[in-house]
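Chain and residue survey
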Amino acid sequence: MRALALLLVMLLGAGSARGGVTEVRQAALLLKKGQPQAAEQVLRHLLQTEPRDALAHQVLACSFLARGRLDSALVHCTRAIQLDSSLVDSYNGLGMVYT
């Protein structure tokens, strides 16, 4: 769980020019507050309009990791990496899935 907390701190510091940054940060804050289901709702809504938002997939994977939904976390970590292979935290998420 400590690794998940560190991942969230990094995500909260992430910045970008993309339109979904506000929603991604909102979801990361919800996760930090222990509200992974609320974070999932925010991110699913964002991904309906921005399905190629790698950071949204990465944070959604965190919401699944927080609830032990490893299969779903694996899907979204993998998708985040497919979209942006520089998102190191997505690789960390894969490590959490497989440990």
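Look up a bit, the structure's there.
Residues numbered from 1 in each chain as written. Predicted model: local features only at pLDDT ≥ 70, side-chain atom pairs only at ≥ 80, totals over all residues. Heavy atoms only, no water.

A few words now on the packing of helix α4 (residues 54–66) against helix α5 (residues 70–83). It is the contact of α4 with α5, at a shortest axis distance of 8 Å, that shows an interaxial angle of 160°. In terms of orientation, α4 lies roughly antiparallel with respect to α5. Every pair of crossing elements has a handedness; the one defined by α4 and α5 is left-handed. Along the contact surface, α4 presents Ala54, His57, Gln58, Leu60, Ala61, Phe64 and Leu65, while α5 presents Leu70, Ser72, Ala73, His76, Cys77, Arg79, Ala80 and Leu83. (Axes fitted to C-alpha atoms, helices over the stretch in contact; angles between N-to-C directions. Helix = DSSP H or I, 4+ residues; strand = E, 2+ residues; numbered from the N terminus. Parallel < 35°, antiparallel > 145°, perpendicular 65-115°, else oblique. Left-handed = near helix turned anticlockwise from the far one by under 90°. Contact = heavy atoms within 4.5 Å.)

A word on the environment of Leu83. Inspection of the secondary structure assignment puts Leu83 in helix α5. A C-alpha to C-alpha distance of 5.5 Å links Leu83 and Ala54, two positions 29 residues apart in sequence. In contact with Leu83, other than residues within four places in its own chain, are Pro51, Arg52, Asp53, Ala54 and His57.

Here we take up the side chain of Glu40. Within the secondary structure, Glu40 sits in helix α3 (residues 36–49). Residue class for Glu40 comes out buried when judged on its relative accessible area of 12%. (Buried < 20%, exposed > 50% of the residue type's maximum accessible area, 1.4 Å probe, protein only.)

Attention now moves to the pattern of salt bridges. Considering all chains together, one arrives at three salt bridges under this definition. Here Arg67 makes a salt bridge to Glu40, at a shortest N to O gap of 2.5 Å. Of this pair, Arg67 sits in the loop between α4 and α5 while Glu40 sits in helix α3, and the two are 27 residues apart along the sequence. Sharing partners across several salt bridges, the network here consists of Glu40, Arg44, Arg67 and Arg69. (Salt bridge = Lys/Arg side-chain N within 4 Å of Asp/Glu carboxyl O.)

This next bit is on α5. The terminal C-alpha atoms of α5, which comprises 14 residues, lie 20 Å apart, in line with the 20 Å expected from a rise of 1.5 Å per residue. Within the sequence span of α5, burial applies to Ala73, His76, Cys77, Ala80, Ile81 and Leu83. Down the axis of α5, the buried side of the element spans an arc of 165°, and every buried residue falls inside it. Structural note: α5 exposes Asp71, Val75 and Gln82 on the side pointing more than 90 degrees away from its buried face. (Expected span 1.5 Å × (residues − 1). Arc of directions from axis to C-beta.)

If you trace the backbone, Arg44 turns up in helix α3. Residues Arg44 and Leu60, spaced 16 residues apart in sequence, show a C-alpha to C-alpha distance of 8.0 Å.

Our next topic: α4. In a regular helix each residue adds 1.5 Å, so 13 residues correspond to 18 Å; α4 covers 19 Å between its end C-alpha atoms and thus fits that length. Where burial is concerned, most of α4 is hidden: twelve out of the 13 residues are buried. Turning to α4, its buried residues number three or more, namely Ala54, Leu55, Ala56, His57, Gln58, Val59, Leu60, Ala61, Cys62, Ser63, Phe64 and Leu65. Two or three places before Leu55, at the start of α4, stands the capping residue Asp53, its side-chain oxygen 3.2 Å from that residue's backbone nitrogen. Gly68 sits one or two residues past α4 and shows a positive phi near 75°. (Polar contact = N/O pair within 3.5 Å; in protein donor to acceptor, adjacent residues only side chain to side chain.)

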